[in-house]
Amino acid sequence: MELIIVPGYSEVGAVASDIVASEVARDHSLHLGVATGSSPLSLYEALVERHASTWDYSKLRVSCLDEYIGLPRESEYTYRKTVIRTVLRPLGVPEHQFTSPDVWNSAPEVAAQKFEEFLAEHPVDLQIAGIGTNGHIAFNEPNSGLLSRTRVARLSPETRAANARFFPSPDVVPHLCVTQGLGTILNSRMLLMVVSGAEKSRALASAVNGPLTAACPASIVQMHSNAVIVADEDAAREVAQAVWA
Ligand code: F6R
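Scoring rules and cut-offs
- Residues numbered from 1 in each chain as written.
- Predicted model: local features only at pLDDT ≥ 70, side-chain atom pairs only at ≥ 80, totals over all residues.
- Heavy atoms only, no water.
- 1 Å grid on protein atoms, 1.4 Å probe; cavity = no way out; pocket = protein on both sides within 12 Å on 5 of 7 lines; lining within 4 Å.
- Points joined across faces, edges and corners; volume = space filled by probe spheres on them.
- Helix = DSSP H or I, 4+ residues; strand = E, 2+ residues; numbered from the N terminus.
- Nonpolar A, V, L, I, M, F, W, Y, C, P; charged D, E, K, R; others polar.
- Pairing = 2+ DSSP bridges.
- Contact = heavy atoms within 4.5 Å.
- Axes fitted to C-alpha atoms, helices over the stretch in contact; angles between N-to-C directions.
- Parallel < 35°, antiparallel > 145°, perpendicular 65-115°, else oblique.
- Left-handed = near helix turned anticlockwise from the far one by under 90°.
- Phe/Tyr/Trp six-rings, centres within 6.5 Å; stacked < 30°, edge-to-face > 60°.
- Buried < 20%, exposed > 50% of the residue type's maximum accessible area, 1.4 Å probe, protein only.
- Patch = residues over 30% accessible without salt bridge, like charges linked within 9 Å, V, L, I, M, F, W, Y side chains within 5 Å.
- Areas by Shrake-Rupley, 256 points an atom, 1.4 Å probe, with all protein chains shown as cover.
- Salt bridge = Lys/Arg side-chain N within 4 Å of Asp/Glu carboxyl O.
- Lys, Arg positive; Asp, Glu negative; His and termini not counted.
- Charge placed at Lys NZ, Arg CZ, Asp CG, Glu CD.
- Right-handed = clockwise from strand over helix to strand, strands pointing away.
- Near = heavy atom within 4 Å.
- Polar contact = N/O pair within 3.5 Å; in protein donor to acceptor, adjacent residues only side chain to side chain.

Undergrad: Describe the layout of surface pockets, naming the residues involved and giving the relevant values.
TA: Taken as a whole, the largest pocket spans an internal volume of roughly 510 Å³. Lining the largest pocket are 30 residues; nearest its centre among them are Ser39, Ile131, Asn163, Arg165 and Lys200. With 4 residues, the top contributor of residues to the lining of the largest pocket is helix 5 (residues 157–163). Each residue belonging to the lining of the largest pocket can be placed in one class, and the counts come to 12 nonpolar, 13 polar and 5 charged. Taken as a whole, the second largest pocket encloses approximately 190 Å³ of empty space. The wall of the second largest pocket is formed by 15 residues, among which Gly37, Tyr79, Thr82, Arg85 and Phe166 lie closest to the centre.

Put into structure tokens, the structure is as follows:
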């Protein structure tokens, strides 16, 4: 596990984008797992600003960590649409190269199983992830199984409240989702976590310094064989000095 600490949010994006671009340079058709939410937006922007003219992203295979259940397929709030808007279009990746849990054409449990099977057949080379204030990763809330697989899960009240900022009103934030499991995420060849802001400092310290525990699902980063965390100073301020070295 490597922890890189940089001054602020835009530097998190710049440094993380350099890591993604160097992986893409080695393999233009790698499988990039993306996250939604605010944390990776500066990374996606930096990929365009710093690297789009240098590298060709059009052959990437892209998948995402999770999808809400209960939104119409054409809703702008689905993670599918969010990835199309923030990743695929800016980077020029064709939509047919993107796979996410298809919760619209089958029962959610079936969509979860199919997505898990897809990831088993096409392992993720580089998975980008954020972290929730309660230590969640993807939508694996506290007390998720450490080796859990892709499944239907319930969002905690804390996560629904945090994500309300993306919706027109807090009441319409879905309660359920399909999420990659912690065991599924551990199958990725490389895990790149991006973390910004003081509100994430407790969760980040627990993830990197605390015990490996389902109480902090992001602590699985300690078990990943090739994990890099890029955090800003505010997010890293509770991390023990020993890990900074
Ligand atoms: C998003 C995801 C979530 C977010 C987390 C942090 O696909 O799976 O785990 O990474 O909720 O969200 P932000 O970055 O908005 O604070």
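Undergrad: I'd love a proper account of the sheet that holds strand 5 (residues 98–99), names of residues and values included.
TA: In spatial order, the strands read 1-10-9-6-2-3-5; together these 7 strands make up an open sheet with parallel pairing. The open sheet has two free edges, formed respectively by strand 1 (2–6) and strand 5, since each of these has just one partner strand. In the sheet, strand 1 pairs with strand 10 (residues 227–232) via 5 bridges, with the strands oriented parallel. Of the residues in strand 10, the one forming a bridge with Glu2 is Val228. The sheet contacts of helix 4 (residues 108–121) involve strand 2 (31–34), strand 3 (61–64) and strand 5, and relative to strand 3 the element is tilted by about 140°.

Undergrad: Can you tell me about the packing of helix 1 (residues 9–26) against helix 2 (residues 41–51), naming the residues and giving the values?
TA: Close contact between helix 1 and helix 2 brings their axes to 7 Å; oriented N to C, the two are set at 60°. Judged by the inter-axis angle, helix 1 sits oblique to helix 2. Considering the relative orientation of helix 1 and helix 2, their crossing is right-handed. Of the residues in helix 2, those in contact with Tyr9, Ser10, Val12, Gly13, Ala14, Ala16, Ser17, Asp18, Val20 and Ala21 of helix 1 are Leu41, Ser42, Leu43, Ala46, Leu47, Arg50 and His51. Partitioned by chemical class, the residues of the contact of helix 1 with helix 2 number 10 nonpolar, 5 polar and 2 charged.

Undergrad: Account for the packing of aromatic side chains, with residues named and values stated.
TA: In total, this model carries 6 aromatic pairs according to the counting rule given. Each ring, one from Tyr68 and one from Tyr79, has its centre 4.6 Å from the other, and the planes form 45°; the classification is tilted. Residue Tyr68 is found in strand 4 (residues 66–69), and its partner Tyr79 is found in helix 3 (residues 79–91); the two are separated by 11 residues along the sequence. The pair Tyr68 / Tyr79 is uniform in exposure class, with both members buried.

Undergrad: Outline a negative patch on the surface, listing residues and values.
TA: Residues Glu11, Glu199, Glu233 and Asp234 make up a contiguous surface patch of negative charge. On the secondary structure map, Asp234 appears in the loop between strand 10 and helix 8 (241–244). Of the residues examined, Asp234 reaches a relative accessible area of 41% and is grouped as partly exposed.

Undergrad: Describe the pairing of strand 10, and please don't skip the residues or the numbers.
TA: In terms of burial, strand 10 is largely enclosed, as 6 of its 6 residues are buried. By the alternation rule, side chains of strand 10 split into Ala227, Ile229 and Ala231 and Val228, Val230 and Asp232, which are all buried. Taken together, the 5 bridges between strand 9 (residues 190–195) and strand 10 define a ladder with parallel strand orientation. Counted as the bridge partner of Val194 is Val230 from strand 10. Taking the sense of rotation as the criterion, the β-α-β connection linking strand 9, helix 7 (residues 201–209) and strand 10 turns out right-handed.

Undergrad: Outline the site of the ligand, supporting the account with residue identities and numerical values.
TA: In the vicinity of the ligand, 15 residues are found, and the nearest of them are Ser39, Asp66, His136, Ala138 and Lys200. Interatomic distance of 2.4 Å between a side-chain N/O atom of Ser39 and an oxygen atom of the ligand. At a separation of 2.5 Å, an oxygen atom of the ligand approaches a polar side-chain atom of Asp66. When the ligand is considered free in solution it has 410 Å² of accessible area, and contact with the protein chains removes 94% of it.

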